[in-house]
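Structure at a glance
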Amino acid sequence: MTAERADAPPAHAGRHARPPAGALPRPAAPAAAPVAPTPPGRAVPRRAVPVLLAATDALATAGATLLVDTDPALLAGLVPVLLLLNYRAGLYRPGPAPAALDEVAPLLGRAAAGWCAAGAALAALHPGLALGPVALPVAVAAQAALAATARAVVYRARRATARRRPRSTLLVGPEPVARQLAAALLAHPEYGLRPVGLVPTGPAAPQGAPAGAAPPLLRSSDALTRAVIRYTVRDAVFLLPPESDPYAAALLRRFLGQGTAVWLAGAAAARDGRPPGPGTGHLWGFACRPWEAGRPRPGGPAKRALDLVLASAALLLTLPLLLGCALAVRLVDGPGVFCRLPRLGQDGRRCALLRFRIARPGTPPGGLGRWLRRTSLDGLPQLWNVLRGELSLVGPRAERPSRAAEFTRRHPGYAARHRMPPGLTGLAQVHGLRDGARAEERARFDNLYIDGWSPGGDLRILLRAAARPLFRREDG
């Protein structure tokens with residue numbers, strides 16, 4: 001996480017109350033044990049453990065192959081199959097305090113599936129080398145036992161490293177529960193999560209509640225940014241479902257966008273009777289599991305392909321109309337058929353959207369300009385912006401940079417709408433939320449659209465927009 005990306009809105013003491021812009025942060029709660037910053041270079045690489053686990057599984061497969069004295073060439077096909085099966089089962093995404101004993105059953109099941117498939121292939125291709133009725137179960141048992149033993153060694157080393165070099169962590173949630181979890185993590189460093197700040201949400205703790213050894217409360221954007229930079233925060237633990245609180249949802253998007261590992265703990269980790277997923281564990285009695293992110297980048301190549309196909313077809317169909325409008329503007333108002341509107345695009349990048357000029361600067365629109373505005377034909381050139389990738393057919397409304405900066409400061413979820421390119425139309429627009437609508441409402445619809453994006457959803461929005469002017473006027 002870096003200072004350049006630290007743009008979360010001010011935190012709030014209550015669920016619906018936030019400090020006014022520019023307010024000074026409230027005094028931090030006293031800490032009995034001040035937290036010293038962790039040098040950035042001493043953190044353990046997060047990907048080291050999955051790589052080690054995959055290597056131990058490959059070595060366990062080799063050991064089982066040698067034990068049953070079968071064709072060593074079998075490893076070329078068996079190792080990738082077993083690694084893929086373990087990966088799909090989440091065995092390379094360990095929780096905060098994994099135990100090898102908890103993984104024996106999953107390892108045994110995947111070993112049985114992999115060795116049975118390999119044995120069947122070997123019997124079909126080389127009948128003389130087929131595994132016998134004793135060799136096959138021995139290979140499966142040896143594979144699982146060796147893999148579990150190696151994982152126990154890896155996890156023991158991981159716990160030792162976690163005690164020496166814990167990762168700086170922020171806790172987000174109701175203040176009383178956050179203090180309890182912070183005290184548990186400070187008392188049990190084997191989890192490798194070292195709380196350096198609490199971001200309170202919901203009701204404040206009762207007056208006079210003991211602070212204990214909890215780290216300071218971060219009640220403002222500036223305080224949060226300073227903590228992130230000072231301690232090189234690498235993990236965030238949410239103690240309430242992020243979608244249940246607007247500020248928590250904005251923080252979640254911020255952390256995910258900056259590569260921070262996000263965990264759900266306590267009530268936020270409840271699975272409502274569903275079986276535990278990969279990485280599920282506990283933090284000294286607090287249920288804990290990793291945030292199950294959907295698509296890290298909604299849309300992506302599929303959305304871009306849909307834009308290219310539909311925008312190309314629309315541009316060809318409307319080419320005579322485009323040429324006619326351009327000629328009319330040239331004859332009525334003289335040179336300078338197009339104007340360029342500065343707007344904010346995906347990830348905050350600036351772009352210039354094309355539009356037919358409807359009036360000279362400082363003069364009111366004439367008859368042609370009013371007609372172009374009324375029919376929304378002045379926005380037809382923006383199909384070229386779609387082909388260039390600056391716009392999408394469907395997406396959040398393209399906003400002026402100054403207004404976008406203002407809305408980002410005032411509304412927690414507004415900055416998250418820049419995860420996707422702006423669009424000619426969108427979910428907010430087809431619900432009637434246009435220029436005069438509240439920015440908070442438009443941001444809510446935009447984020448709902450991005451989080452649930454699908455090609456079919458884009459087509460449905462385009463069909464709904466067909467009854468309205470598709471290419472709406474942009475205020476200059």
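Located above this text is the structure these notes cover.
Just so you know, these numbers come straight off a predicted model, no measurement behind them.

Per the secondary structure count, the protein chain includes 15 helices and 10 strands. Here the protein chain, with 476 residues, has 46% of them falling under the buried criterion. Across the protein chain, every contact between residues at least 6 apart in sequence was considered, and the portion connecting residues at least 24 apart equals 76%. Working note: accessible area of the protein chain is about 23,000 Å², and carbon and sulfur atoms make up 64% of it.

To continue, consider the nonpolar core. The nonpolar side chains of soluble globular proteins are, as a tendency, buried together. Counting residues in each nonpolar core, the largest one holds 31 residues, and the members touching the most others are F356, L372, L383, L393 and Y449. Residue assignment for this core shows that the elements contributing at least two residues are α8 (301-317), α9 (319-333), β8 (350-356), α11 (382-388), β9 (392-394), α13 (427-430), α14 (439-451) and α15 (455-465). For this core, the element with the highest residue contribution is α9, accounting for four residues. In this view, L393 contacts D307, L310, A311, L383, V386, G423, L424, T425 and L462; residues no more than four positions away in its chain are not counted. Listed in part, the 23 residues of the second largest apolar core include A223, L224, Y231 and L251.

A few words on the side chain of E190. Its place among the elements puts E190 in the loop between α5 (175-187) and β2 (193-200). Despite its burial, E190 remains without a salt bridge, the nearest opposite charge being carried by R163 at 4.3 Å. The contacts of E190, once residues within four sequence positions are left out, are R159, A162 and R163.

Attention shifts here to the sheet that holds strand β3 (residues 235-238). If you walk across this open sheet you meet the six strands as β2-β1-β3-β4-β6-β5, and the pairing is mixed. Pairing within the sheet leaves two strands with one partner each, and these edge strands are β2 and β5 (281-283). Strand-to-strand twist in this sheet, taken as the mean axis angle between neighbours without regard to direction, amounts to 35°. In terms of strand pairing, strand β4 (residues 261-265) meets strand β6 (residues 286-290) through three bridges, oriented antiparallel. Pairing of A265 across the sheet is with C288, part of β6.

Here we come to the pairing of β3. Taking every second residue as pointing to the same face, both faces of β3 are buried, with D235 and V237 on one and A236 and F238 on the other. Pairing analysis gives four bridges linking strand β1 (residues 167-173) to β3, with the strands arranged parallel. Counterpart to T169 in the pairing with β3 is D235. In terms of strand pairing, β3 meets β4 through four bridges, oriented parallel. Following the sheet pairing, D235 is matched in β4 by A261. Read as a crossover between parallel neighbours, the route from β3 over helix α7 (residues 246-257) to β4 is right-handed.

Considering the arrangement of structural elements, one finds R151 in helix α4 (residues 135-164). For R151, a relative accessible area of 0% corresponds to the buried category. Discounting residues that sit within four places of it in the chain, R151 has contacts with L53, D57, L91, Y92, A100, E103 and L107.

This part is about a nonpolar patch on the surface. A cluster of nonpolar side chains, namely L67, V134 and V138, defines an oily patch on the protein surface of about 280 Å² accessible area. Within the secondary structure, V134 sits in the loop between α3 (104-125) and α4.

Moving on, we come to the environment of V68. Mapped onto the elements, V68 comes out in helix α1 (residues 48-68). Spatially, the C-alpha atoms of V68 and V138 are 7.3 Å apart, while their sequence positions differ by 70 residues. In this view, V68 contacts W115, A135, V138 and A139; residues no more than four positions away in its chain are not counted.

In this section: the pairing of β1. For a regular strand, side-chain orientation follows a simple rule: the groups alternate between the two sheet faces. The buried fraction of β1 amounts to seven of the seven residues, a majority that puts the element mostly inside the structure. With respect to chirality, the unit in which β1 leads through α5 into the neighbouring parallel β2 is right-handed.

Moving on, we get to α1. For α1, spanning 21 residues, the distance from its first C-alpha to its last is 31 Å, which sits close to the expected 30 Å at 1.5 Å a residue. Where α1 is concerned, the buried positions are V49, L53, T56, D57, A60, T61, A64, T65 and V68. In this structure, the buried side of α1 is in contact with α2 (74-88), α3 and α4. Directly after α1, the chain includes D69, whose backbone phi takes a positive value near 55°.

Definitions and cut-offs
Residue numbering note: each chain is counted from 1, following its sequence as written. Owing to the predicted nature of the model, reporting of local features is limited to residues with pLDDT of at least 70; listing and counting of side-chain atom pairs is limited to 80 or more, with chain, interface and lining totals taken over all residues. Excluded from the side-chain calculation are hydrogens and water; included are all heavy atoms of the structure. Each helix corresponds to a stretch of at least 4 residues labelled H or I by DSSP, and each strand to a stretch of at least 2 residues labelled E; elements are numbered beginning at the N terminus. Think of it in three bands: with a 1.4 Å probe and only protein chains considered, a residue is buried below 20% of the maximum accessible area for its type, exposed above 50%, and partly exposed in between. Throughout, a contact is declared for two residues whenever any of their heavy atoms are within 4.5 Å. All accessible-area figures derive from a Shrake-Rupley calculation using a 1.4 Å probe, and residue coverage is judged against the displayed protein chains alone. We define a nonpolar core as any set of buried Ala, Val, Leu, Ile, Met, Phe, Trp, Tyr and Cys residues linked to one another through side-chain atoms lying within 4.5 Å. When charges are counted, neither His nor the chain ends are considered; positive counts come from Lys and Arg and negative counts from Asp and Glu. Salt bridges, as used here, are contacts in which a Lys or Arg side-chain nitrogen is within 4 Å of a carboxyl oxygen on Asp or Glu. Paired strands, as defined in this entry, are two strands with at least two bridges between them according to DSSP. Axes here refer to lines fitted to C-alpha atoms; in helices the fit is confined to the stretch in contact. Angles between the N-to-C directions go from 0 to 180 degrees. When the strands point away from the viewer, a crossover counts as right-handed if the path from the first strand over the helix to the second runs clockwise. Patch definition: residues above 30% relative accessible area lacking any salt bridge, with like charges linked at up to 9 Å and the nonpolar side chains Val, Leu, Ile, Met, Phe, Trp and Tyr linked at up to 5 Å. Expected helix span is computed as 1.5 Å times (number of residues minus one).

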